[in-house]
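Here's the letter readout for the chains.
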Amino acid sequence: MAYTTLTLQEFRNEVRTHLGQPRFWGDAELDCLVRETLRQWNLLTGYWTVRQTITASIGEHWYLLSGGTFTLISRVSWMGKALHPVSLAERDHADPGWDESTNVGTPRLWMPVALDRFAISPAPDLSGRPILVDGVSATPTPILATDTINIDDGLVEPLTHYTKHLALFKVGSDLFASTEPERKELWEAASAYNSRLKSTNLYRNVVGKTPERAFRPDFKAPGGTGPRTSE
Amino acid sequence: MSRLDSDLITEMQDALIETRNASSMTTDIWTLDELVDSLNDRQASFLRQTGCILTRESITGYIGVHRYEPASNSVGIRRLVWVRRSDGDRHPVHRATTWESDNRNPTWMRGRAVTRPRTFGETLTPADAFEVFEAPNEVGSFDALYVGISSALTGAGVALTVPDDFAHYIKWGVLADLLLKRGQPEDRARAAYCEARFEEGIELAKLFMTNEVRRG
């Protein structure tokens, strides 16, 4: 896919052409909405990624990443080998004393604890070795009019349409309601970049049924109780 | 996090067709205090429901003491482990309710200290404390993982605790509150939209926490 670089001002002008009444929105206001659009896009797709190396300590299970760098940790590796992800609850139930300081060895598992914090098990038995963390970075947001936004060519339309949807919120009424398809357009575009998104209820709530799902029979319980039967 | 409460207030003033002003609202429809109160509520609600930012702290446990308070303002304990000082053994402390403990052992509050705490519950007063239903009989510590809020928002440029990329969902939550205010500002259609956006943020953050929406 071809790549394009737009300045914040060019992006803003593109939004203005969609809005029609350019004087109702100030530059600073539209800039905020452009930044919100980019953040939304990054949340839906993990478009901007980051890699950070942190230094392991002997016997240390818990690690905190530097503030604001990561939006999501997606992969942790130790000495070139990817660790297997499990949940903290799973680990606690499987081995309640897993984070005792004596529980050291070659790390095999990692657990997401918060968006900027993770744990590994067992704790490293070597100090000073790198733990490589990959994830979705905090969205790079343009501040100055000349700051650039690097995106795929085909994304300019859905992103500017979504910004228009946000801008029309303050107008309200039917005009705002009529831009709901432009919000769906962003989610549909995002699903091409993140196939897992389509399998979430959240996606179906926003976009509606996918074509594949529309063919499935709609099961309804008669009277709201009892076994479910197909009509 | 680098996003400030004043940034969100400015964006909300834009969305409500108010003039950008850090110290007051131009019209008398809403007050700045209403915005700030709602900001605090929505941020706490978002963090409590998602657990996306957690604080880890070691809290000293004393013989016979039931009630403990984390250093940072806690809005929900996510994980509690009792660490025995004598040998460093770690034991999970499970969540229970006061009702369960009262019915299991009505004298738990004046009961003798037991080997180690097994269950805990969050207290209503003070709201950010927790109590263990079996007080320890030896000194140790609690390894607590909780939702902590670093500082209350005032509207004067305090950094949000919510990650930057999720901050706009707090804005939608506050707008939902403001647009439900009785009288002239009431706009149920847009308030419903804003509430749905806030819920969307919570769902998205939960998916992030479980790694279910990783790019694939």
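Now for a look at the structure at hand. (Residues numbered from 1 in each chain as written. Chains lettered and ligands numbered in written order. Predicted model: local features only at pLDDT ≥ 70, side-chain atom pairs only at ≥ 80, totals over all residues. Heavy atoms only, no water.)

## Focus on the packing of aromatic side chains
Our working definition: Working definition: rings of Phe, Tyr and Trp (its six-membered ring) pair if their centres are within 6.5 Å, and the pair is stacked with planes under 30 degrees apart, edge-to-face with planes over 60 apart, and tilted otherwise. Numbering of helices and strands runs from the N terminus; a helix is a DSSP stretch of H or I covering at least four residues, while a strand is a stretch of E covering at least two. Three exposure classes are used, based on accessible area relative to the maximum for each residue type with a 1.4 Å probe and protein chains only: buried under 20%, partly exposed in between, and exposed over 50%. Counted as over-ring charges are cases with an Arg CZ or a Lys NZ within 6 Å of the ring centre that also lie within 35 degrees of the ring normal.
For the structure on display, the rule yields 23 aromatic pairs over all chains. Seen in terms of ring centroids, F176(A) and Y193(B) are 4.9 Å apart; in terms of plane orientation they differ by 90°. Their pairing is edge-to-face. Residue F176(A) is found in helix 5 (residues 173-177), and its partner Y193(B) is found in helix 5 (residues 188-209); the two belong to separate chains. Residue F176(A) is classed as buried on the basis of its relative accessible area, which comes to 7%. Judged by relative accessible area, Y193(B) falls into the buried class, the value being 11%. Taken together, the aromatic side chains of F46(B), F166(B), Y169(B), F198(B) and F208(B) make up a single cluster linked through ring pairs. Cation over ring: K170(A) sits above F24(A), and NZ or CZ is 4.5 Å from the ring centre. In this structure, K171(B) packs its charged tip against the face of W172(B), placed 4.7 Å from the ring centre.

## Notes on helix 2 (residues 32-50) of chain B
Residues and elements named next belong to chain B. The condition is simple: One less than the residue count of a helix, multiplied by 1.5 Å, gives the span that helix is expected to have. Note on contacts: a residue pair is in contact if any heavy atoms of the two residues lie within 4.5 Å.
Under the 1.5 Å per step criterion, the end-to-end length of helix 2 is 27 Å for 19 residues, consistent within 8% with the ideal 27 Å. L32, L35, V36, S38, L39, R42, Q43, A44, S45, F46, L47 and T50 are the residues of helix 2 that are buried. At its buried positions, helix 2 is contacted by helix 1 (5-15), strand 3 (73-84), strand 7 (140-149), helix 4 (167-178) and helix 5. Immediately downstream of helix 2, the backbone of G51 shows phi near 60°, a positive value.

## Thoughts on the interface of chain A and chain B
A common way to express how large an interface is: the accessible area buried when the components associate. Test applied: Defined here as a combined quantity, buried area equals the accessible surface (1.4 Å probe) lost by two parts on assembly, summed across both. By convention in these notes, a salt bridge is any Lys or Arg side-chain nitrogen within 4 Å of a carboxyl oxygen on Asp or Glu. Throughout this description, a polar contact denotes any pair of N or O atoms lying within 3.5 Å of each other; where both atoms belong to protein, one of them has to be capable of donating a hydrogen while the other can accept it, and for residues adjacent in sequence the pair is counted only when both atoms sit in side chains. In this count, Pro and Cys sit with the nonpolar residues alongside Ala, Val, Leu, Ile, Met, Phe, Trp and Tyr, while Asp, Glu, Lys and Arg are called charged and the others, Gly among them, polar.
Facing the 55 residues of chain A at the interface are 46 residues of chain B. Buried area between chain A and chain B, both sides added, is near 4,400 Å², and the carbon and sulfur share of it is 58%. Broken down residue by residue, the surface that chain A buries against chain B is led by L43(A), L115(A) and F169(A), which jointly contribute 16%. Where chain A packs against chain B, one counts 6 salt bridges. Close ionic contact of E200(B) with R183(A) constitutes a salt bridge, the shortest N to O distance being 2.5 Å. The interface formed by chain A and chain B includes 19 residue pairs in polar contact (both at pLDDT 80 or more). If you list the elements that add at least two residues to the side of chain A that touches chain B, you get helix 2 (27-45), strand 4 (70-78), helix 3 (88-94), strand 8 (109-114), helix 4 (156-167), helix 6 (180-193) and helix 7 (201-207) of chain A. The element that contributes the greatest number of residues to the side of chain A that touches chain B is helix 2 of chain A, accounting for 10 residues. Class assignment of the residues belonging to the side of chain A that touches chain B gives a composition of 27 nonpolar, 15 polar and 13 charged.

## Things to note about the sheet that holds strand 2 (residues 49-55) of chain A
Residue and element names in this part refer to chain A. The following threshold applies: Two strands form a pair only when DSSP identifies at least two bridges running between them.
Taken in spatial order, the 4 strands of this open sheet run 2-11-4-5, and their pairing is antiparallel. Looking at the sheet topology across the chains shown, the edges are occupied by strand 2 and strand 5 (81-82). Where strand 4 meets strand 5, 2 bridges bridge the pair, whose relative direction is antiparallel. Note on strand 5: the bridge partner recorded for S77 is A82.

## Let's talk about the nonpolar core
Rule in force here: The definition of a nonpolar core used throughout is a set of buried Ala, Val, Leu, Ile, Met, Phe, Trp, Tyr and Cys residues joined through side-chain atoms within 4.5 Å.
Among the nonpolar cores identified, the biggest contains 93 residues, and W41(A), F169(A), F46(B) and F166(B) are the most heavily contacted of them. Here this core gets 10 residues from one element, more than from any other, and that element is helix 5 of chain B. Ignoring anything within four residues of it in the chain, the contact list for F166(B) reads L43(A), T71(A), L115(A), F46(B), G201(B), L204(B), A205(B) and F208(B). In this structure, Y63(A), F70(A), W110(A) and I120(A) belong to the second largest nonpolar core, which totals 15 residues.

## A few points about the sheet that holds strand 8 of chain A
All names here are of chain A. The sheet built from 4 strands is open, its strands ordered 3-9-8-6 with mixed pairing. The open sheet has two edge strands with one neighbour each: strand 3 (62-64) and strand 6 (84-85). Pairing between strand 3 and strand 9 (residues 117-121): 3 bridges, direction antiparallel. By the bridge assignment, Y63 is partnered in strand 9 with F118.

## Describing the environment of A192(B)
Examined against the element boundaries, A192(B) turns out to sit in helix 5. For the pair formed by A192(B) and G76(B), sequence separation is 116 residues and the distance between their alpha carbons is 27 Å.

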